[in-house]
Amino acid sequence: MAKLTAEMSDFIKKERDPVTIFVGTSNKDGIPNISAKGTFISILDDETIAYADVYSLKTRENTRQNPHVTVAVINAKTFKGYQFKGLAEVVESGPVLAEARKQNPQINSVTKVKLQEVYLLDYGPQAGKKVA
């Protein structure tokens, strides 16, 4: 398991720009999909992040078939960011979903990602370096 550092948490909460994150999934046959998420993202604990889905049917279905996901969080102005890899679980009820719906009542589900690895998405020679 990987753990979020204070720097990673601050980046997610304060430095990412745009607020959009990118989620990579694949189905049971390994066919990839990428989806932009402009809604709720939260740190649930130092090993778990969550993002919300409004209309991403393919992302949710892929996650149900194959729980391995990648979440990219970037700052397009500073060319810095992180790639979080982990195992995902789609949540369709409960307190995490209720919290997300405070931001957008159209949210259909929240996906929790238990972190396994974290990589830098910074521009330059450190790009792709495993940091957790």
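Below, the structure is looked at part by part. Note that the structure is a prediction, hence the values are computed from the model and not measured. (Residues numbered from 1 in each chain as written. Predicted model: local features only at pLDDT ≥ 70, side-chain atom pairs only at ≥ 80, totals over all residues. Heavy atoms only, no water.)

All right, on to the pattern of salt bridges then. Side chains that differ in sign of charge can pair as their charged atoms come close. With the rule as written, the count across this model stands at 11 salt bridges. Linking K3 and E47 is a salt bridge whose minimum nitrogen-to-oxygen distance equals 3.7 Å. Remark: E47 occurs in the loop between β3 (41–45) and β4 (48–53) and K3 occurs in the segment before α1 (6–15); sequence separation between them is 44 residues. Overall, K3 belongs to the partly exposed group, its relative accessible area being 45%. Classification of E47 by relative accessible area gives buried; the value is 17%. For R64, the salt bridge goes to E92, with nearest N and O atoms at 2.5 Å. Separated by 28 residues along the polypeptide, R64 in helix α2 (residues 57–65) and E92 in the loop between β6 (80–91) and α3 (95–103) bring together distant segments of the chain. (Salt bridge = Lys/Arg side-chain N within 4 Å of Asp/Glu carboxyl O. Helix = DSSP H or I, 4+ residues; strand = E, 2+ residues; numbered from the N terminus. Buried < 20%, exposed > 50% of the residue type's maximum accessible area, 1.4 Å probe, protein only.)

The next subject is the nonpolar core. Among soluble globular proteins, nonpolar side chains are generally buried collectively. Formed by 20 residues in total, the largest nonpolar core has its most connected members in I49, V71, V73, F84 and V113. Where this core is concerned, the elements lending two or more residues are α1, β1 (21–26), β4, β5 (68–75), β6 and β7 (109–120). For this core, the leading source of residues is β7, giving four residues. Filtering out sequence-adjacent residues up to four positions away, I49 remains in contact with L4, I12, S42, I43, L44, V71, F84, T111, K112, V113 and L115. Listed in part, the nine residues of the second largest apolar core include A52, V54, L97 and I107. (Core = buried A, V, L, I, M, F, W, Y, C linked by side-chain atoms within 4.5 Å. Contact = heavy atoms within 4.5 Å.)

Topologically, G124 is positioned in the segment after β7. With a relative accessible area of 31%, G124 lands in the partly exposed category. Between the alpha carbons of G124 and S93 there is a distance of 41 Å; along the sequence they are 31 residues apart.

The subject of this paragraph is the sheet that holds β6. Where strands meet in a sheet, backbone hydrogen bonds hold them as pairs that are either parallel or antiparallel. Spatially, the seven strands line up as an open sheet ordered β2-β1-β5-β6-β7-β4-β3, and their pairing is antiparallel. Of all the strands in the sheet, just β2 (32–37) and β3 have a single pairing partner and so form its edges. Between one strand axis and the next, the sheet turns by 35° as a mean value, whatever way the strands run. Relative to β4, β3 is paired through four bridges, and the arrangement is antiparallel. The partner of S42 across the bridge, within β4, is A50. The sheet contacts of α3 involve β3, β4 and β7, and relative to β7 the element is tilted by about 95°. (Pairing = 2+ DSSP bridges. Axes fitted to C-alpha atoms, helices over the stretch in contact; angles between N-to-C directions.)

The next point concerns the packing of aromatic side chains. Under the criterion given, the structure shown has three aromatic pairs. A ring pair is formed by F79 and Y123, whose centres lie 6.0 Å apart and whose planes are at 55°; its orientation type is tilted. Of this pair, F79 sits in the loop between β5 and β6 while Y123 is found in the segment after β7, placing the two residues 44 residues apart along the sequence. Just as F79 is exposed, Y123 falls in that class too. An aromatic cluster of at least three residues, connected via ring pairs, comprises F11, Y82 and F84. (Phe/Tyr/Trp six-rings, centres within 6.5 Å; stacked < 30°, edge-to-face > 60°.)

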